[in-house]
Amino acid sequence: MIKNADFDYLSHLIDETVNLRNSFEYCRISSDNVEVSFLSPVKKPFTGYLQGPYEMLMRKQCGMKERKTVSSACRNYLRLSKSRNGDILEIVSCKKGVIDCIHQGLIASGRHFLFPFTADGVHYPAYSYVTVYNGDHISEEYAVNNTQILYRRYIPRCNENSFDFFFINFVKDGACPVLEEYSGIITSDPLSFTENHYDNWINHCIEK
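These remarks concern the structure in this document. Counting from 1, residues in each chain are numbered in the order their sequence is written. Where totals are concerned, whole chains, interfaces and linings use all residues; where local detail is concerned, this predicted model gives features only for residues with pLDDT of at least 70, and gives and counts side-chain atom pairs only at 80 or more. Working from all heavy atoms in the structure, the side-chain values ignore hydrogens and water.

Turning next to the environment of Leu191. With respect to the helices and strands, the residue Leu191 is situated in strand E12 (residues 191–200). Along the primary structure Leu191 and Met56 are separated by 135 residues, whereas in three dimensions their C-alpha atoms are 8.1 Å apart. In what follows, residue pairs with any heavy atoms lying within 4.5 Å of each other are defined as contacts. Apart from residues lying up to four places away in sequence, Leu191 is in contact with Pro53, Met56, Leu57 and Lys60. Note on conventions: DSSP H or I runs of at least 4 residues are helices, E runs of at least 2 residues are strands, and numbering of each starts at the N terminus.

What follows is about the side chain of His103. Note that His103 resides in strand E5 (residues 98–108). Polar side-chain contacts of His103 include one of 2.7 Å to the backbone oxygen of Tyr127. Here His103 is in contact with Tyr49, Leu89, Glu90, Ile91, Leu114, Phe115, Pro116, Tyr127 and Tyr129, once residues within four sequence places are set aside. For this analysis, a polar contact is any N or O atom pair within 3.5 Å, provided that within protein one partner can donate a hydrogen and the other can accept it, and provided that sequence-adjacent residues contribute only side-chain to side-chain pairs.

Another point: helix H2 (residues 53–61). Residues three or four positions apart in an α-helix share a direction because the helix packs 3.6 residues into each turn. Throughout, exposure labels follow a simple rule: accessible area from a 1.4 Å probe, protein chains only, divided by the maximum for the residue type, with under 20% read as buried, over 50% as exposed, and the rest as partly exposed. Along H2, the positions that sit buried rather than exposed are Pro53, Tyr54, Glu55, Leu57, Met58 and Arg59. Along its buried surface, H2 packs onto strand E1 (35–40), strand E8 (137–145), strand E9 (148–156), strand E10 (162–171), strand E11 (178–188) and E12. Positioned one or two residues after H2, Gly63 has a phi angle of 70 degrees, which is positive.

Moving on, we come to the sheet that holds strand E4 (residues 88–95). Remark on secondary structure: sheet strands pair via backbone hydrogen bonds, oriented parallel or antiparallel. The sheet built from 12 strands is open, its strands ordered E2-E1-E3-E4-E5-E6-E7-E8-E9-E10-E11-E12 with antiparallel pairing. In this open sheet, the two edge strands, each paired with only one partner strand, are strand E2 (65–67) and E12. Adjacent strand axes in the sheet meet at a mean angle of 20 degrees when their direction is disregarded. H2 rests against E1, E8, E9, E10, E11 and E12 of the sheet, and its axis sits at about 105 degrees to E12. Strand pairing follows a simple DSSP-based rule, namely that at least 2 bridges must link the two strands. Only C-alpha atoms enter the line fits that serve as axes; for helices the fit covers just the stretch in contact. Angles between N-to-C directions range over 0 to 180 degrees.

Considering soluble globular proteins, one finds that nonpolar side chains tend to be buried as a cluster. The biggest cluster of nonpolar side chains holds 25 residues, and the ones touching the most others in it are Tyr54, Leu78, Ile91, Tyr129, Tyr154 and Phe165. Those elements that provide at least two residues to this core are H2, strand E3 (77–82), E4, E8, E9, E10 and E11. With residues near it in sequence (within four places) discarded, Tyr54 still touches Arg152, Tyr154, Phe165, Tyr182, Ile186 and Phe193. In this description, a nonpolar core means a group of buried Ala, Val, Leu, Ile, Met, Phe, Trp, Tyr and Cys residues linked to one another through side-chain atoms lying within 4.5 Å. Core analysis: the second largest hydrophobic core is formed by 19 residues, Phe24, Val132, Val144 and Phe170 among them.

For the rest of this paragraph, the subject is the pairing of E9. Bridge analysis of E8 against E9 gives 6 bridges, and the strand direction is antiparallel. By the bridge assignment for E9, Glu140 is matched with Arg153. The antiparallel hairpin formed by E8 and E9 contains 2 residues in its connecting segment, where Asn146 sits at a positive phi of about 60 degrees. Sheet topology note: the E9/E10 ladder contains 9 bridges and is antiparallel. Directly across from Ile149, in E10, lies its bridge partner Phe170. The antiparallel hairpin formed by E9 and E10 contains 5 residues in its connecting segment.

Another point: the pattern of salt bridges. Whenever a carboxyl oxygen of Asp or Glu lies within 4 Å of a side-chain nitrogen of Lys or Arg, that contact is scored as a salt bridge. Enumeration according to the criterion identifies 9 salt bridges in this entry. In this structure, the salt-bridge partner of Asp15 is Lys172, at a minimum N-O distance of 2.6 Å. Taken as a pair, Asp15 in helix H1 (residues 5–23) and Lys172 in the loop between E10 and E11 lie far apart in primary sequence, 157 residues in all. Classification of Asp15 by relative accessible area gives partly exposed; the value is 33%. The partner of Glu66 in a salt bridge is Lys82, with the nearest N and O atoms 2.9 Å apart. One end of the pair, Glu66, is in strand E2; the other, Lys82, is in strand E3, and 16 residues separate them in sequence. Owing to a relative accessible area of 40%, Glu66 belongs among the partly exposed residues under this scheme.

This next bit is on the state of the cysteines. The rule for a disulfide is simple: a pair of cysteine sulfur atoms within 2.5 Å. Applying the stated criterion to the full structure yields 0 disulfides. Cys74 provides the cysteine sulfur closest to Cys62, a residue in no disulfide bond, and the two sulfurs are 12 Å apart. Taking relative accessible area as the criterion, Cys62 reaches 7% and is therefore assigned buried.

Here's what the structure looks like:
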């Protein structure tokens, strides 16, 4: 299991993200100088908002691809609006052809935040997503919702084609704070994941 000292760091990330989300205001994105693409099909929750190797693996497994257009028959997709330099300004989630949630981007201190809103620009009770860059590679990424964080960490191995990967589902001040965690090695070419550790709350927080 993760060391208790790391709980403070995860709690800090939760508080920081929630505070930023609450202070961030919706701003309608102009279509000028914006590149639009689509991610479909949407089959898994939390997929399509992060950028790291594990995210790419999840997209590959469910056949989710970024496309210039989307079929009129496709009713569940993400519409991405990017700046000319590739920064994600907005992701619109459509379910059954109707806007369900809009995530808008904020870049600060090497991190890319995506905060959720309704179609009317009101704060939406969904996960905020954060991608953390360290030079040319992604070192951390996570999803936060009030007191919960789904956290991923990547550490490049000597072989530049692979990463040590760690995931934890942590609830701040929870009776059982760690709901799930696993780790392993991700290779980027070919894209694959080899798990070497798995644990969850059932092994620790129920009476024997």
